[in-house]
Amino acid sequence: MQATTRFHVGSHEIGIGSEYRVECVGTLGAAREWLRHDVEAVAEHIDAPAPFDKFLDRVDEIDIVGEHVVGGVFTFWVRAVENCGCPCGCAERGESCDGVHRREALT
């Protein structure tokens, strides 16, 4: 069986655990989009969103796998996971897949 790389995407305020679920997505492109939406959602609730906007301006050009501290307040991260065991284990589509390869990641 061939190993399937999936991407777990999440964020948290530094010093506080994740408030929202961690997503498991099937492609790096989908992980990039999830990261972008996550950063945008946080920026809407921040008094000084300039560091978040700056990060969003370059999110398409950077290697997103890893941790990204934005504004010294939030950490956004993407982890490449081999055979993560999340409900959607498909390479393209499987019977439990939601069609866009997105599932809540297992803890």
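See the structure shown above.
What you see is a predicted model, and the numbers here were worked out from it, not measured in a lab. (Residues numbered from 1 in each chain as written. Predicted model: local features only at pLDDT ≥ 70, side-chain atom pairs only at ≥ 80, totals over all residues. Heavy atoms only, no water.)

Asker: I'd love a proper account of the environment of Asp63, names of residues and values included.
Answerer: Structurally, Asp63 can be placed in the loop between α2 (50-58) and β3 (66-70). In this structure the side chain of Asp63 is engaged in a polar contact, spanning 3.2 Å, whose partner is the backbone nitrogen of Val65. (Helix = DSSP H or I, 4+ residues; strand = E, 2+ residues; numbered from the N terminus. Polar contact = N/O pair within 3.5 Å; in protein donor to acceptor, adjacent residues only side chain to side chain.)

Asker: Describe the pairing of strand β1 (residues 5-13), and please don't skip the residues or the numbers.
Answerer: As judged from the nine bridges shared by β1 and strand β4 (residues 74-82), these two strands associate in the antiparallel manner. Bridging from a neighbouring strand, Thr5 pairs with Glu82 of β4. Alignment of β1 against strand β2 (residues 23-25), held across three bridges, turns out to be antiparallel. Paired with Phe7 across the strands is Val25, a residue of β2. (Pairing = 2+ DSSP bridges.)

Asker: How would you sum up the pattern of salt bridges? Please name residues and give values.
Answerer: Per the counting criterion, the structure on display carries two salt bridges. Between Arg36 and Asp60 there is a salt bridge, and its shortest N-O distance comes to 2.6 Å. Of this pair, Arg36 sits in helix α1 (residues 28-43) while Asp60 sits in the loop between α2 and β3, placing them 24 residues apart in sequence. Here the salt bridges do not stand alone but share partners, grouping Glu33, Arg36 and Asp60 into one network. (Salt bridge = Lys/Arg side-chain N within 4 Å of Asp/Glu carboxyl O.)

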